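Observations on the model geometry
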Amino acid sequence: MRIFFATDVHGSDRCFAKFVNAGAFYRADAVILGGDITGKAVVPFVEENGGVRVRFLGEERVVHGDEIGDLEKRVADTGYYAHRCSPDEVARLNAEPDLITPIFLELMLARARKWMDLATERLAPHGIPCFVNAGNDDPRPVDDIVRASDYVQFCEGEVLRLPDGTELASCGYANQTPWDCPRDVSEEDLEERLDAVVAKLDDPRHAVLNFHCPPYDTVIDTGPVLGEDMRLKSGAAGVLTQAVGSTACRRVIERVQPLLGLHGHIHESRGTFRLGKTLCINPGSEYTEGILRGALLELRGGKLVSHQLAAG
Amino acid sequence: MAESVQPDATTTPGGLFLRRSSGLVREFSPRDVLVFNIVAFSPGLSIALIPLSLALTVPNVNVFALIAASVAFAVCNGLTYAYLSAAMPRSGGEYVFLGRSVSPLIGFIANWGFTWSQILGMAFYATFTVSFGIAVPFFLLGATLHNSTLLSWSDSVTQQWPTFLIATGMVVVVAVVLTLGPRLIRRFLNVLFVPALLGTLVTMYVLATTSHSEFVAQFNSFMAEHGGGRTYESVVPDAAAGGFIEQAHTLGALINAMPIAAFLFIGFTYSAYIGGEVKEPGKTQPLIIMASLAVCTLFYIVSLGLFYNTVGQGFYNSFVFLSFTEAGTGLPAGGSPVINLFAGMMTGSSVLNVLMALSFFIWPFILLFAMATVCSRNLFAWSFDRILPSAITKVDRRFSSPWVATLLIVLATEILLAFYVFTTFFQNITNYTAIFSVAFWLASFAAILLPYRRPDIFEAAPPSARRRIGGVPVMSLVGVGNLILYTLSLIGVFRFPAFAGPNGTRAILFVVGIYVSGLVIYVISQQIQARRGVDLSLIYKEIPPE
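Residues numbered from 1 in each chain as written. Chains lettered and ligands numbered in written order. Predicted model: local features only at pLDDT ≥ 70, side-chain atom pairs only at ≥ 80, totals over all residues. Heavy atoms only, no water.

Let us now look at the overall build of chain B. A count of helices and strands for chain B gives 22 helices and four strands. Relative to its full complement of 546 residues, chain B shows a buried share of 58%. Pairs at least 24 apart in sequence give 80% of the contacts found in chain B among residues at least 6 apart. Of the roughly 20,800 Å² of accessible surface on chain B, 67% is carried by carbon and sulfur atoms. (Helix = DSSP H or I, 4+ residues; strand = E, 2+ residues; numbered from the N terminus. Buried < 20%, exposed > 50% of the residue type's maximum accessible area, 1.4 Å probe, protein only. Contact = heavy atoms within 4.5 Å. Areas by Shrake-Rupley, 256 points an atom, 1.4 Å probe, with all protein chains shown as cover.)

A few words on helix α2 (residues 66–78) of chain A. The α-helix winds at 3.6 residues per turn, so residues separated by three or four positions along the chain end up facing the same way. All names here are of chain A. Here α2 is 13 residues long and its end C-alpha atoms lie 19 Å apart, about the 18 Å a rise of 1.5 Å per residue gives. Buried residues in α2 make contact with α1 (13–25), β3 (41–48), β4 (51–56), β5 (59–63), β6 (81–85) and α4 (100–123). Directly after α2, the chain includes glycine 79, whose backbone phi takes a positive value near 100°. (Expected span 1.5 Å × (residues − 1).)

Let us look at the packing of aromatic side chains. Aromatic rings in a pair are described by how distant their centres are and how their planes are angled relative to each other. Residues and elements named next belong to chain B. As enumerated under the stated definition, the model contains 53 aromatic pairs over all chains in all. Their ring planes at 35° and their centres at 5.7 Å tell us that phenylalanine 108 and tryptophan 112 sit as a pair that is tilted. Taken together, the residues span about one helical turn, with phenylalanine 108 and tryptophan 112 both in helix α5 (residues 104–145) at a distance of four residues. Tryptophan 112 sits in the buried class, given a relative accessible area of 10%. (Phe/Tyr/Trp six-rings, centres within 6.5 Å; stacked < 30°, edge-to-face > 60°.)

The subject of this paragraph is the sheet that holds strand β9 (residues 159–161) of chain A. Residues and elements named next belong to chain A. Taken in spatial order, the six strands make up an open sheet running β9-β10-β13-β18-β20-β19, and their pairing is mixed. The outermost strands of the open sheet, each flanked by one partner alone, are β9 and β19 (271–275). Between one strand axis and the next, the sheet turns by 25° as a mean value, whatever way the strands run. Inspection of the sheet shows β9 paired to strand β10 (residues 167–171) by three bridges, in the antiparallel sense. By the bridge assignment, valine 159 is partnered in β10 with alanine 169. Together, β9, β10 and β13 (208–211) form the strand contacts of helix α6 (residues 187–198), whose direction differs from that of β10 by roughly 160°. (Pairing = 2+ DSSP bridges. Axes fitted to C-alpha atoms, helices over the stretch in contact; angles between N-to-C directions.)

For the rest of this paragraph, the subject is empty space enclosed by the protein. Within the structure shown, the criterion is met by six cavities of 30 Å³ or more. Space inside the second largest cavity adds up to approximately 50 Å³. Forming the walls of the second largest cavity are Arg2, Leu296, Leu297, Glu298, Ser306, His307 and Gln308 of chain A together with Gly533 and Val534 of chain B. Going through the elements one at a time, β21 (293–300) and β22 (303–311) of chain A are the ones with two or more residues in the lining of the second largest cavity. By residue class, the composition of the lining of the second largest cavity is three nonpolar, four polar and two charged. (1 Å grid on protein atoms, 1.4 Å probe; cavity = no way out; pocket = protein on both sides within 12 Å on 5 of 7 lines; lining within 4 Å. Points joined across faces, edges and corners; volume = space filled by probe spheres on them. Nonpolar A, V, L, I, M, F, W, Y, C, P; charged D, E, K, R; others polar.)

This is the structure:
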């Protein structure tokens, strides 16, 4: 059985389209999306003189007609959400940023619905099962959208079966980050959640653990050191980095020793790491560039026969 | 009950509405970019190498014209890497840049060659540190303190076995520090950086506060005691009698000096790390990058200007010539004609000599860490991509250090170090500059071709990387500039063995051989992995989104 695993697409239309095509492209028997599926920013498209004024990637311009749709597509490919509005509305939103919250949520949910339809359209004809989880960045309402899909299977907190019967246990929560994301929790809380889903496994040693947060101090959890002002820090050795993964995740994997650990969360930390007998993989993410990083995994007879990192 | 999105939306100066999500960092401050670039530039090492290199290869080059030409190199090379990094900020290096825009095979070959240039460079710089960073300071301190032991040591350390053992010691220190983990590396380098920079500033102070006439008097006094009585006034005529011809500055000399121009600002591309998850690139960063280049250019102009003004360029060129002839300069082996020798003569202060000595030792020593780290990262990347065995990425549990990769790099360095010290391998076969110049030459194609072969990546890049002139991407134009400059550099490296390395058939075959061995390894890996069901061609093959 061949699995394709990707993660952290963060709202990128282009990356999700590649994800649902990856099944046929790589001849995979199943595709798994690890979490952090929602975008981080809304780009206002402010109505002006029959067109819209948009500031995107440092460029500000006024576009008209078909150009508006093209630019909305570029925004969506980068993982952001385009929002058409009047100058008055933008002024109100700038004055009271809390007002953007329901708009943000509706845009996220709309894109998630569109994605579930796309997954059904592209994967169902090939009979390739699709597993999608939420990550620590994803607000809870997104879960219902994925659950409502007729084809995509929502993973959070559950044990699901891959085509060859291998168990897939998932948890999209993460240890506390400086950004206090929707599913950031304490290490104690995280360990309870991980233990709860692992307790549902029939055969933990041959299971795949789809834990969004990578285990602590494993090369695949290396993130930058940040100052209090959230700036990157550097020294004579270059940009300063540190291990930012979860100690709870590490303890659980070391105890359970599953077949495979699939992780994401730290986009820069692409790689693999063996924790005892378990191979932990973080394919990384380059969603803003429209590049879908992923991992191809070959399982046979309860063993991991081969693995490969790819960037499509 | 469903919970709502965290209500802490904010706005950016660019007008985006952001929500709380991981990875949203602010880019480097202008001060950080400036310091980062200056550190990467290694000012002390540069002024240690450049005057000697020029005197040996193109003594009739106008140094300030060369610095200007170097700025052109730095701009082309720096922008090539800066634009590629802006387009692919989490990718890292020509391995991925070329892998995506040309092919994974070419990306690997370029990176393989570059990695070997770094390993060869580690062997070279370890011995360089002994010759110039230890022998010369021992000589100067021995002279200043009238200490015959130090004078004797300055001669001893330049012999084969002492050089090999001391250089080995340095390589072992690098291995130990890297094995003990990233935190120790950071602390080690942050601590060493301070005396290194301080010593460089002291050197510039000494050069600035010594007049030409004072230097002549100090030189004559020094040589009366330690140089067999040679005088300043005798150097130029003696060199002429020995066959050295002082020539006027020419354009031809400038063109011939292009390999050195390529070398002057090397390491300057490190500031291209943009980071962050929101691509709202600041307007100030590109300006600060250019400001960093301006600061480094000013440093060269001031330091080399001070040196040549105080010492005299004609005198220095002649002195270097004599030091490599049978007649010699009169100085012992520890008196190599590098800038710190003359700076040391200019002051009778042992404190200032110690500070300058530390600096000239630490800069090339620090470089060993940087080179080993780069090599380690490259090995990891190849291993993650299944081109090399996965055992290479083994990490020590206690210290989180890549001990297998470190061991391999250190073993290879040690073997090459032995070749360098005990054989004529480097002198006859290894053209170090050519080897890394080929990698930079190949990287040009990544910048030239990316907008055309991967328009999806190009169009998603920040505006600064997507500029066009006459419809042609600036990224491609700087890539062409980089290609031209490194073509000239490659032509030049084989013409000046004294700077770059040997230039005979064996040397050329060695360079070709390194890159061909990369091709062989990739093909073998491809076959092995194919039997395991792993297709290496999928590493960067784009999945169609339609």
